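# Architecture and fold: a report
These are the residues of each chain, in order.
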Amino acid sequence: MTVDAHHHVWDLSVRDQDWLTGPELVPLRRNFTVEDLEPEARAAGVTRTVLVQTVTVPEETPEFLVLADTHDLVAGVVGWTDLTRPDIADELARLRGLPGGRYLKGVRHQVQGEPDPRWLLRPDVHRGLTAVADAGLVYDLVVLPHQLPAAAEAARSHPRLTFVLDHLGKPPIAAGTTEPWATAVRALAALPNTVCKLSGMVTEADPASWTLDDLRPYAETVLDAFGPDRLMSGSDWPVCTLAGSYAEVLDAARRLIPAAEHTAVFETTATRVYGL
């Protein structure tokens, strides 16, 4: 694997990560930096990464752009900005003009936390997604299975915009069921402007006891639905450390994907989609 298409960093002395609640997330309540990740990534053969937003505050994205500008490992940033703001096009241009702005490759919003399952179809969000497309960026989707139909409708309405589905759309791996997730994810994959990340599986499974057999039906579904040229791998570090080490998570992904598809899934899809 040469590209890790999805990881995070945070510094709790700069700001709290308000989503880190509950006893199961206590191991994540510390700082995680690019310097922490780099030796693990290099040891696993990763040479480039995509750093993805964690909180919906405007200050984080400029900070991430500086990190990309100062660390060879980080080749791209998926940041956050308020898609519904009236001046969204100007804001995207401002971000791209900042130090490290050339590393801004995409935008993401925590749609999974929106109570409206059709949030992606709101008129103000539609306008924001149009601006993202006009800026030549991609849009990362972090959604729950019941939000996948709206994601597909949004992708159909924005054929010029590439939508990247994070974490397979969070299927119910721990429950061992595939429907209605599989049907919904295949409907999304039927649209040519959609891509999927093979990421986040180990924490959707039982973090303490997951096996490759637990993950395999979900990996096989997205590989079949999207094909290797629209599938990319990401570690979801440091969240993945709740269920395994960086090396273990990447090894699992490699073992789930046939060797003939490794170049696409672990390198060229992410390179092409994010323009790394």
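Residues numbered from 1 in each chain as written. Predicted model: local features only at pLDDT ≥ 70, side-chain atom pairs only at ≥ 80, totals over all residues. Heavy atoms only, no water.

Along helix 1 (residues 34–43), the residues classified as buried are V34, L37 and A41. The buried residues of helix 1 all sit within an arc of 60° when viewed along its axis, so they share a single face. Turning to helix 1, the residues buried within the fold contact strand 1 (3–7), helix 2 (60–70), strand 3 (74–79) and helix 9 (246–256). Immediately downstream of helix 1, the backbone of G45 shows phi near 85°, a positive value. (Buried < 20%, exposed > 50% of the residue type's maximum accessible area, 1.4 Å probe, protein only. Helix = DSSP H or I, 4+ residues; strand = E, 2+ residues; numbered from the N terminus. Arc of directions from axis to C-beta. Contact = heavy atoms within 4.5 Å.)

Moving on to the environment of V26. Checked against the element boundaries, V26 lands in the loop between strand 1 and helix 1. A residue is classified by how much of its surface remains accessible, and V26, at 51% relative accessible area, is exposed. The spatial distance from the C-alpha of V26 to the C-alpha of H6 is 21 Å, given a sequence separation of 20 residues.

What follows concerns the packing of helix 3 (residues 88–96) against helix 4 (residues 123–134). Two elements in contact, helix 3 and helix 4, have axes separated by 9 Å at closest approach and are oriented at 35°. Here helix 3 runs over helix 4; the crossing is right-handed. Judged by residue contacts, I88, A89 and L92 of helix 3 engage G128, A131 and V132 from helix 4. (Axes fitted to C-alpha atoms, helices over the stretch in contact; angles between N-to-C directions. Left-handed = near helix turned anticlockwise from the far one by under 90°.)

One pass over the structure, following the stated rule, counts 5 aromatic pairs. Ring plane angle 90° and centroid distance 5.4 Å describe the contact between W10 and W19, whose orientation is recorded as edge-to-face. When the centroid spacing of 6.0 Å and the interplanar angle of 70° are considered together, the rings of Y139 and F163 count as edge-to-face. Taken together, the positions of Y139 in strand 5 (residues 138–141) and F163 in strand 6 (residues 163–165) put the pair 24 residues apart, joining distant regions of the chain. Residues Y139 and F163 agree in their burial class; the two are buried. Linked through ring pairs, W10, W19, F32 and W237 together constitute an aromatic cluster. (Phe/Tyr/Trp six-rings, centres within 6.5 Å; stacked < 30°, edge-to-face > 60°.)

The next subject is the sheet that holds strand 2 (residues 48–52). Spatially, the 8 strands line up as an open sheet ordered 1-2-3-4-5-6-7-8, and their pairing is parallel. With one partner strand each, in any of the chains shown, strand 1 and strand 8 (231–233) form the two edges of the open sheet. Neighbour-to-neighbour, the strand axes of this sheet turn through a mean angle of 25°, independent of strand direction. The sheet contact formed by strand 7 (residues 194–198) and strand 8 spans 3 bridges and is parallel. Note that in strand 8 the partner of K197 across the bridge is M232. (Pairing = 2+ DSSP bridges.)

By themselves, these observations are geometric and do not establish any function.
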